[in-house]
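# Summary of the model geometry
What follows is the residue order along each chain.
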Amino acid sequence: MSSNSGIQIPSRLPLLCTHDGVLLPGSTMRVSVDTARNMQLVKSRLLKGTSLKSTIIGVIPNTRDPEHDSDELPSLHSIGTAGLAVQVVGSNWPKPHYTLLITGLCRFRVSQLLRERPFPVAEVEQLDKLEQYTEGDPADGELGELSQRFYQAAVQLVGMLDMSVPVVAKLRRLLDSLPKETLPDVLAAMIRTSNKEKLQVLDAVDLEERFKKALPLLTRQIEGLKLLQKTRKLRPDDDKRVLSIRKGGVFPGRQFSLDEEAEDEDSDDTALLERKVKAAAMPEAALRVCLKELRRLKKMPQSMPEYALTRNYLEMMVELPWSKSTTDCLDIRAARVLLDNDHYAMEKLKRRVLEYLAVRQLKSTLKGPILCFVGPPGVGKTSVGRSIARTLGREFHRIALGGVCDQSDIRGHRRTYVGSMPGRIINGLKTVGVNNPVFLLDEVDKLGKSLQGDPAAALLEVLDPEQNHSFTDHYLNVPFDLSQVLFIATANTTASIPPALLDRMEVLQVPGYTQEEKVEIAHRHLIPHQLEQHGLTPQQLQIPQDTTLEIISKYTREAGVRSLERKIGAVCRAVAVKVAEGQKVTRSEAPTEQHAEQNTESKVEDSGIAAPPEMPIVIDHIALKDILGPPLFEMEVSERLTLPGVAIGLAWTPMGGEIMFVEASRMEGEGQLTLTGQLGDVMKESAHLAISWLRSNAKTYLLNDGSADLLEGTDIHLHFPAGAVTKDGPSAGVTIVTCLASLLSGRLVRSDVAMTGEITLRGLVLPVGGIKDKVLAAHRANLKRIIIPKRNEKDLEEIPANVRADLDFVLAGTLDEVLNAAFDGGFPSAVNHPQVLSKL
């Protein structure tokens, strides 16, 4: 084993005692130094030394338990490893210490300890020579056979690893270049072994004994890898890498650790994520992006901030329903029954859903329609969207857009920002888990706009059937197909929806309910729901239809049924108190004889409260007044039309139709027209149009009383009550004309007449919108005659037949027809002269 030539280590070496492990020749190890002796060795020898000789130290394994270590020098192990300190790093956190990177050179035996303070120094004997690493072969015979067996086992071990990993390929080349006598030390430092087993290899000074000690360790590692590979064959999609190889150092290069501990949970998670990516059935473009990000993730240490961002991105991509969908229920009869059970009326909406189902039966690749339900609050726009999802058998997801003023809520944030996330569309798809749900975009007319962008503009791509097959969210940055999603938007008015967005949607008007429809809805849906919510049964509470009609007419005035449901809830709560008090009395114990008289008196006093009510409790108009108080809305139409200069108009609001009073008064003055009631510019112009038309036709209708000018010496004040409410629009023109004609002629307008229509300077009546809502408002107010523009006759078809039967519609084309219909007996006018025809 010895040689007369080659590099010799110093005969005296400073000794470094370590608990961190066992340093073998040919391996590299990091050692943490924090004891007093070892710190002094580093400061005096390594940091102040200037020659190569000063960097060679002796590393002795400290076999004493670290928990019971003391300042006394432990008994030194007889065999150590001379090492070359190639790196020294100091730190003061959490306490002063040094970290050494040491490469093992050769074994030595401690002959004599020369001194203990400030650090131990011993006289040593070199046991194996450095030149053995570069020249000479093991002897023949048993030693040669052992070395060959060990070499073959090492080759077998490396062959079981993934040769595409650069570290494994380098290890395979080193096996051919290193002398065979160095292999036991090199491989024992690489494979999974305990410090006790490494110490046995270190103590094996004889080469044959060293091979015998190291060969069982190598064989055990091979058997462990075989078992691991057999287990992974049951999962063919698992990661090809059997073990994660971490770099260390090997003489004369770096060490390779084949420790199974290197294959940590992160490798398994990454492999699992890769399997999910391949199983997600993504489009080719998305799959290519995911595989690229996955390759970057494998090369990234977990400590990098981008590691978490990339992992979150991949998990989001995996969870999206790229190819998952539900099967539509296309039974039209069952769909009609389900829609009728869920909602009363709404025939137009139901017909549109059934049309979609019919077309889906004929063509399976139909794109999802984009509908927009426009109507006042409380008419059931949101609930009918949920019923549509149940009818089709699809998942339902609601996205509230009211107040959204950031386009990132729709498109998502770019991944370059901290805290980036996808938009609500992609998040909704992740939540439902299918790519053909029903998306309800609630309150699309209440979108805002800010410095962060316009979300209404971002919705243009989402709601365009020609574009949403490749919707690109900023976070995903790959196209996603939204063409199978059924989008339903809801709005109270189309006035605040941008025209470009409105053009992409199929608008379906959802008008308010008539009184008869509200009664049916209350008894079919609202009353049973409120009874269930308050723990009552139909045997305990009954609300007749007459009572429901009284609640609708005297305690609510709305297009929908929300206030009606709240009033019914108030009735249920009052009855619940009576029922609870009655149950408490019946459950109380009988009074004793001693207090019988006193209890009887108290019962008599409290009989009005504590006596059990008779079941069922029927709510009549008296009980209704006790529970809800005096009526909130009285039919005050006839009382307010007792003076000339008052007329009733019809207005449309996002809350539904409303009746609107117009009042005028006349006084001495300078011919001025005063307008009050928070009027918009269009309504002010209508008032000026009306006074101009009356002034130009004053003689025709005998309004000037012989004076040349209608306003000579007279001021007129025109007021629209509810002055706190802003009013605008052209449809009050005929109402203003009728009001002023009543004032100037001194005649009363019929108390059962309401009217709407735009006027021109020539006396024509032009069509207006919102006819159905306005007619329903007049019907709720018990008005009997409705004057509407003649060109709005087509809108009467949308009005329910029972409402049309109760009302008398006057179709007016000119203001003369309006005035004749608004006054009893018509509006008088002077004898018309025969019209002279031009002969030119």
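Residues numbered from 1 in each chain as written. Predicted model: local features only at pLDDT ≥ 70, side-chain atom pairs only at ≥ 80, totals over all residues. Heavy atoms only, no water.

## Focus on the side chain of Asp-464
Keep this limit in mind: Numbering of helices and strands starts at the N terminus; helices are DSSP runs of H or I of at least 4 residues and strands are runs of E of at least 2. Whether two residues are in contact is decided by their heavy atoms: any pair within 4.5 Å suffices.
Within the fold, Asp-464 resides in the loop between helix 15 (455-462) and strand 12 (471-472). Leaving out residues up to four positions away in the same chain, Asp-464 has contacts with Ile-370 and Arg-504.

## Quick word on the packing of helix 10 (residues 332-342) against helix 12 (residues 381-392)
Filter applied, for reference: For helices, the axis comes from a line fit to the C-alpha atoms of the stretch in contact; other axes are also lines fit to C-alpha atoms, and the angle between any two N-to-C directions lies between 0 and 180 degrees. In what follows, roughly perpendicular refers to angles from 65 to 115 degrees, roughly parallel to angles under 35, roughly antiparallel to angles over 145, and oblique to any angle outside these ranges. By convention the crossing between two helices is left-handed if the near helix lies anticlockwise of the far one by an angle smaller than a right angle, and right-handed if it lies clockwise. All residues other than Ala, Val, Leu, Ile, Met, Phe, Trp, Tyr, Cys, Pro, Asp, Glu, Lys and Arg, Gly among them, are scored as polar; the first ten of these are nonpolar and the last four charged.
Relative to each other, helix 10 and helix 12 sit at 155°, their axes nearing to 10 Å. As judged from the angle between their axes, helix 10 and helix 12 are roughly antiparallel. Along this stretch, helix 10 crosses helix 12, giving a crossing that reads as right-handed. Residues Ala-335, Leu-338, Leu-339 and Asp-342 of helix 10 pack against Ser-387, Arg-390 and Thr-391 of helix 12. Class assignment for the residues of the contact of helix 10 with helix 12 results in three nonpolar, two polar and two charged.

## Details of the confidence of the model for the protein
Test applied: pLDDT runs from 0 to 100 and stands for how confident the predictor is about each residue.
Predicted confidence across the protein gives a mean pLDDT of 84, with 86% of residues reaching 70 or more. Within the model, pLDDT remains below 50 along residues 236-264, and this stretch shows 84 contacts once partners closer than five positions in the same chain are excluded. Residue range residues 589-609 is modelled with pLDDT below 50. Its contacts to residues more than four positions away, or to other chains, number four contacts.

## What about the packing of helix 11 (residues 347-362) against helix 12?
Two elements in contact, helix 11 and helix 12, have axes whose closest approach is 12 Å; the angle formed by their N-to-C orientations is 25°. With respect to helix 12, the element helix 11 is oriented roughly parallel. Remark: the crossing between helix 11 and helix 12 carries right-handed chirality. On helix 12, the residues touching Leu-349, Val-353, Tyr-356 and Leu-357 of helix 11 are Val-384, Ile-388, Thr-391 and Leu-392. A breakdown of the residues in the contact of helix 11 with helix 12 according to their chemical character gives seven nonpolar, one polar and no charged.

## Quick notes on the side chain of Arg-311
The condition that has to hold: Only protein chains enter the area calculation, which uses a 1.4 Å probe; residues under 20% of their type maximum are buried, those over 50% are exposed, and those in between are partly exposed.
Along the chain, Arg-311 falls in helix 9 (residues 305-319). A relative accessible area of 17% means that Arg-311 is categorised as buried. If we ignore the near neighbours within four places in the chain, the residues touching Arg-311 are Asp-269, Thr-270, Leu-273 and Leu-297.

## Overview of the sheet that holds strand 11 (residues 438-442)
Either a parallel or an antiparallel arrangement is found when strands of a sheet pair, and the pairing is made through backbone hydrogen bonds. As a reminder, the rule being used: Here a strand pair is declared whenever DSSP counts at least two bridges between the two strands.
The strand order across the open sheet built from five strands is 10-11-14-9-15, with neighbouring strands paired in parallel fashion. A single partner strand is all that each edge strand has here, and the edge strands are strand 10 (396-400) and strand 15 (506-509). The average undirected angle you get between the axes of adjacent strands in this sheet is 20°. As paired strands, strand 11 and strand 14 (residues 486-491) are joined by four bridges and run parallel to one another. From the neighbouring strand, Val-438 faces strand 14, where its bridge partner is Leu-486. Packed on one face of the sheet, helix 12 meets strand 9 (370-374), strand 10, strand 11 and strand 14 and runs near 165° to strand 14.

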